[in-house]
Amino acid sequence: MQSLVSATSLILLCLALAHLQELDASAKTVGSPAAQIVSLQVMEAVVSEFSLVTASALGLSWEFHENCRNQLEEQFLRQIFEHAVHSAQQAASQVRTAAPGSEAAAGAASSATAAMKLMAAVLAWDFKATNSSFVSATAAITAAMSGRKGLPDTTQVKPGAHWADILLTAATTDWVITLMPALQGPAAASQLATAARQLVVAFCCLAGDVFPKPTVTSAVAAAGGAANAACAAPVAVTHVVQMLRLVLPWCMPAQQVLKQALAGDEGQLVDACRALAALCAGHKVGVLEAASSAVAGQQQGSIFTALESLTCSFLAAGGVSAASSTEPWLPDCTEMLLECWSGLLAPQCGYAMTAVPPPAQAVECATRTAAAVVEAALKDAAAGAHEDADDDEDSGAGAVHQEEWMARVAVLLRAHPVASFNQLADLIGSKQQALAAAAAARQDPSELLEQLYWLVRMAAHALADSGIGEIPLPPEAVLLAVGDSSLTAPGAVTSPEQQQASAASASAGAAAVERLSRSLLELTAVCLQQAAAAVVSSRLMEGSTWAAARWADTYLFPEEEEPLPEALEAAFGDQSGLNILDMLVHVAQRCLVAFPGEIELHRQVVMAESDVTSYSTWWFCS
């Protein structure tokens, strides 16, 4: 039976390809653009039909479809892509030389559109050997064009090393770079421009073994660092340079492009966000830094400045949440940009097996972006204080979504803890003072309570990871900030000046971590103050108790195998730790008595109290 299925699938495949060759030969003989377009469209339909993602239901076994897919990929897919590239190059050349608005220009544009759609269809293929994503770039662009809320994530395309010679050669993409200037302005909404951007997004999604594995010399391995990662991957750097040259003009200057998008033409901006997200997901920060340096020499800016400008512009336009946004795609794009920052700023392991901090420019841009995110989030929290609560806002998918959003923002805040952590501590202190003043003046404290609720949860996210399924440890970025020597390469700091600067930086980092921690704990203890008791809400205490419990798991109850760095141990150990434990016990008792009937708060208190009690028993008995 298996041999029969294979034979049948091979016959159908041969018939389909023979028909394709006949169509293509006829198109070349006739010389008609219409015939060429039909030939390319039929090829695109065949690729779509043989893909497991888009295949039609024929009542046949999955094995049949799998065999057909494998044979097309192994024997014909590359040939189809090469034909599409050649057709697109010819048509693009005709588009540039034909008179605008002429019949020749229209025919060339249609041919180029069909060829680029065929190229994108091949790149959207689920390559069997490398596990490319089932969600195609075509589907992502279709969703973006429809303005549908909840856009799917940009995917990675992993065709394998044997595709590198055709996908990464300059001839495959140079013609797109020369074509793109003609597709700006009013032409950006045309089918040709949409197909070109779809193709560029697909190229940005390239990842995996299609890029040659880095060649690590002994010198590079000893030095480590993000820049050395770029030196070891020149092919990836060249590819990212090409993509940035294409993508950055779509989204810069950010405010001008956003204004046009809000006027009803958001396709180009959404595509730019998808392309940047794909590049950040598929390449190390060292590669992106090297590519940005090359592009900056062409007066196009860097990926870091572009992300900063885009994120801040989106936040100012209401992209912090769907409730404050006039367009459904705006918060979705903001989330994509925050995900870009998460990938860029996460400490990476260098060749010397030590943590490598992000590039200096990325840190500077991230610090300014973090401040803008906090400001926008506080405005959104204040506005939300006067809205009716959604039943699903803090439960189920809504709560997960909020946690993921805060986790991304936490990465931004950790980029430069001395600045960002002190900013959060200042805000918690000022809002807490304003709450006391509102209580004394008998003013409405709703906005302040919501802002404090957000701030205390954000502080907990910045200081500690969730720890679900693993031992709770301070985030690597925090450990780097306080000078944890276990994460740095031996001998990395040699001269007395370097040692002095490193010690000063570690001292400032530890002070920022301690200050934000104290602010979090002081806000948790606000219910014990008689003056504030009249205005403190159960919601604020629920958030504060959750935040204190998350912080305590990491800093107050460290595992014996993973002790805190010396600076943090001095701040939260011994008598200081006992005082914090005593305060948490009193807060728990107060919440149970002062807020009767608040089931969620009581549940949170009981969970936190269980940890506090068990650890207190261990501490006093040890």
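The rules behind these values
- Residues numbered from 1 in each chain as written.
- Predicted model: local features only at pLDDT ≥ 70, side-chain atom pairs only at ≥ 80, totals over all residues.
- Heavy atoms only, no water.
- Phe/Tyr/Trp six-rings, centres within 6.5 Å; stacked < 30°, edge-to-face > 60°.
- Helix = DSSP H or I, 4+ residues; strand = E, 2+ residues; numbered from the N terminus.
- Buried < 20%, exposed > 50% of the residue type's maximum accessible area, 1.4 Å probe, protein only.
- Lys NZ or Arg CZ within 6 Å of the ring centre and 35° of its normal.
- Contact = heavy atoms within 4.5 Å.
- Axes fitted to C-alpha atoms, helices over the stretch in contact; angles between N-to-C directions.
- Parallel < 35°, antiparallel > 145°, perpendicular 65-115°, else oblique.
- Left-handed = near helix turned anticlockwise from the far one by under 90°.
- Nonpolar A, V, L, I, M, F, W, Y, C, P; charged D, E, K, R; others polar.
- pLDDT = per-residue confidence, 0-100.

1. Here we look at the packing of aromatic side chains
Inference 1: Counted according to the given criterion, the structure contains 5 aromatic pairs.
Inference 2: Residues Trp551 and Tyr555 carry aromatic rings whose centres are separated by 5.7 Å and whose planes lie at 20° to one another, so their mutual orientation is stacked. Here Tyr555 and Trp551 lie together in helix H24 (residues 538-556), a separation of 4 residues that amounts to about one turn. For the pair Trp551 and Tyr555, a shared accessibility class is recorded, and that class is buried.
Inference 3: With a centroid separation of 6.0 Å and an interplanar angle of 70°, the aromatic rings of Tyr555 and Phe572 are classed as edge-to-face. Taken together, the positions of Tyr555 in helix H24 and Phe572 in helix H25 (residues 566-572) put the pair 17 residues apart, joining distant regions of the chain. Both residues of the pair, Tyr555 and Phe572, belong to the buried class.
Inference 4: Through successive ring pairs, a cluster of aromatic residues spans Phe81, Phe127 and Trp163.
Inference 5: Across from the ring centre of Trp546, 4.5 Å away, lies the NZ or CZ of Arg457, which sits over that ring.
Inference 6: Between the NZ or CZ atom of Arg539 and the centre of the ring of Tyr453, over which it lies, the distance is 3.9 Å.

2. Details of the side chain of Ser538
Inference 1: With respect to the element layout, Ser538 can be found in helix H24.
Inference 2: Overall, Ser538 belongs to the buried group, its relative accessible area being 17%.
Inference 3: Other than its neighbours up to four places away in sequence, Ser538 contacts Phe595, Glu598 and Leu601.

3. What about the packing of helix H8 (residues 170-179) against helix H12 (residues 234-251)?
Inference 1: Interaxial distance between H8 and H12 falls to 10 Å at its minimum, and their mutual angle equals 15°. Relative to H12, the element H8 lies roughly parallel. Considering how the two elements wind past one another, H8 and H12 form a crossing that is left-handed. Counting all contacts with H8, which are made through Ala170, Thr173, Asp174, Val176 and Ile177, the residues of H12 involved are Gln242, Met243, Arg245 and Leu246.
Inference 2: Partitioning the contact of H8 with H12 into residue classes produces 5 nonpolar, 2 polar and 2 charged.

4. Points about the confidence of the model for the chain
Inference 1: With 75% of its residues at a pLDDT of 70 or more, the chain has an overall mean of 79.
Inference 2: Looking over the chain, one finds the lowest element-wise mean pLDDT in helix H6 (residues 137-146), namely 41, and the highest in helix H16 (residues 303-316), namely 94.
Inference 3: When the criterion is pLDDT under 50, residues 1-9 qualifies, and its contacts beyond four places in sequence or with other chains add up to 11 contacts.
Inference 4: Below pLDDT 50 for its whole length, residues 391-398 participates in 6 contacts with residues either more than four positions away or in separate chains.

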